Amino acid sequence: MAQKELENLGRRHILLGVTGSIAAYKAALLCRLLVTAGAEVKVVMTPLAKQFITPLTMATLSKNPILVDFFNPENGEWNSHVKLGVWADCMLIAPATANTLAKMVSGIADNLLLTSYLSARCPVVVAPAMDLDMYAHPATQQNLATLLKRGVHVAEPGEGELASGLSGKGRMAEPEEIARFVDDLLSEKKKSLEGKHFVVTAGATIEPIDPVRFISNHSSGKMGYALATELARRGARVSLVSGRTALECPRGVDRIDVLSAEEMYRAAVEAFATADGAIMCAAVADYTPKQVADRKLKKGDGELNIELKRTRDIAAELGAHKNGRLLVGFALETHDEELHAEAKLQKKNFDFIVLNSLRDAGAGFRGDTNKVSLIDRTGREDLPLMTKSEVAGRIIDKLETFL
Ligand code: PMT
């Protein structure tokens, strides 16, 4: 992560709480990021956390002794949780287990991390880490909702492979994301997109053939949701017009669920009426069945031909009624990438277009990374492979230069 992205951590006091989760190994990297960005970090660990990562590692990285017990067993010196709570500009609990979250909700104070939490006067951030079923359990969800209501900030976990071997939501957010989350929280700057309203289209559309079957594509919605998250992070009001996806609505974003290209067209046109701009990230079907059978089509012996008609081009419609507002497009290509992207830039009246190619490993559909080029009327910037969150950051940086 480029250091310039963490601008608000210099000389800030961060109390990093580490609990007993396999994700504790990521706390080492997180600690290093915070210290490198200029923060003073003190680490408080639960007794179980010591089984996952050694106090020596955390002490070396934080440049401070590790706090675990209420007192130092060698000399009886008291570790004052009250002093820690007052010292901190931010208390960050990463990883935060289901157990610690539940204790925070109940006010249980049976270790130094929890007493420090109860004494903290500063913003508190938790980065949950657990197995997918534990995370989805109503008890955990209710505990998180209670903590949110009490003003605790939650750095949402990501989806993917978990220590159990299962796959789903529950893995702790990446250290870079958590550090940026804390950096934002401590930012005293006015948010750069406050007062602006953007429409983002995301995910795949679904074109029904009959009540059972449909035409669609591989878009997961991840790229569009990362853009919506980034816009909201910078203070914008966001209308996220979303095709079907398994993703949760990002915090602070207004999601409008649609299925077909026609539904997406109507929702996007309506939301654009009051917007300052739009980012067209959805993978929209260009064709839809001319007729939708009202009963399941039965197979016969021969071939089946389905007649398709063109859908309406949402981006082109917004481009034709732009009136000085911003319009950013995407192009997903498999060949002659630049040629096709430039043609779309002109035809749809985009201010710039984000080109991703299925020829690049790690780019395009479904994964957590993308490799894109940003093309406008003056030239082209090629970005390296990055997480979709980082790509979203770079796209919004460019968008801000047009405002
Ligand atoms: O969702 P993910 O799994 O994270 O994958 C991300 C992505 C690959 C879907 C995304 O990065 C991307 O490339 N989105 C655009 C895909 C696409 O359909 O591109 P296109 O070249 O067919 O369309 C060009 C532009 O016109 C796009 O901005 C598209 O949103 C828009 N369009 C296309 C057709 C249509 N009827 N209406 C539109 O608005």
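A few points on the structure.

What counts and how
- Residues numbered from 1 in each chain as written.
- Predicted model: local features only at pLDDT ≥ 70, side-chain atom pairs only at ≥ 80, totals over all residues.
- Heavy atoms only, no water.
- Near = heavy atom within 4 Å.
- Polar contact = N/O pair within 3.5 Å; in protein donor to acceptor, adjacent residues only side chain to side chain.
- Areas by Shrake-Rupley, 256 points an atom, 1.4 Å probe, with all protein chains shown as cover.
- Helix = DSSP H or I, 4+ residues; strand = E, 2+ residues; numbered from the N terminus.
- Nonpolar A, V, L, I, M, F, W, Y, C, P; charged D, E, K, R; others polar.
- Phe/Tyr/Trp six-rings, centres within 6.5 Å; stacked < 30°, edge-to-face > 60°.
- Buried < 20%, exposed > 50% of the residue type's maximum accessible area, 1.4 Å probe, protein only.
- Pairing = 2+ DSSP bridges.
- Contact = heavy atoms within 4.5 Å.
- Axes fitted to C-alpha atoms, helices over the stretch in contact; angles between N-to-C directions.

### Regarding the site of the ligand
In the vicinity of the ligand lie 28 residues, with Ser 219, Met 280, Lys 344, Asn 356 and Arg 366 positioned nearest. Ser 219 places a polar side-chain atom, nitrogen or oxygen, 2.6 Å from an oxygen atom of the ligand. Considering the ligand on its own, with 770 Å² of exposed area, one finds that the protein chains cover 96% of that surface. Among the elements of the structure, α10 (222-233), α12 (314-320) and β16 (326-333) are those that each provide at least two residues to the shell around the ligand. At four residues, the largest contribution of residues to the shell around the ligand is made by β16. Across the shell around the ligand, the residue classes tally to 12 nonpolar, eight polar and eight charged.

### Quick word on the packing of aromatic side chains
Overall, the coordinates contain one aromatic pair when judged by the stated rule. Aromatic side chains Phe 352 and Phe 402 sit 5.5 Å apart centroid to centroid with 25 degrees between the ring planes, which places their arrangement in the stacked category. Placement of Phe 352 in strand β17 (residues 352-357) and of Phe 402 in the segment after α14 (388-401) is noted, with a sequence separation of 50 residues between them. Exposure remark for Phe 352: the relative accessible area of 0% places this residue in the buried category.

### Let's talk about the sheet that holds strand β2 (residues 40-45)
Strand order in the open sheet formed by five strands is β2-β1-β3-β4-β5, with parallel pairing between adjacent strands. Unpaired on one side and paired on the other, β2 and β5 (153-154) mark the two borders of the sheet. In the sheet, strand β4 (residues 124-128) pairs with β5 via two bridges, with the strands oriented parallel. Counted as the bridge partner of Val 126 is Val 154 from β5. Sheet strands in contact with helix α3 (residues 55-62) are β1 (13-18) and β2, and its direction is about 165 degrees off that of β2.

### Digging into the sheet that holds strand β13 (residues 277-280)
By way of backbone hydrogen bonds, the strands of a sheet pair with one another, either parallel or antiparallel. Overall, mixed pairing links the eight strands, which are arranged β12-β11-β8-β13-β16-β17-β19-β20 in an open sheet. In this open sheet, the two strands that pair with only one neighbour each are β12 (254-257) and β20 (379-382). If you compare each strand with its neighbour and ignore which way they point, the axes differ by 20 degrees on average. In the sheet, β13 pairs with β16 via four bridges, with the strands oriented parallel. In the strand pairing of β16, Gly 277 is matched with Leu 326. Sheet strands in contact with helix α11 (residues 261-272) are β8 (197-202), β11 (237-242), β12, β13 and β16, and its direction is about 170 degrees off that of β8.

Fair warning: the whole summary comes from geometry, so function is off the table for now.
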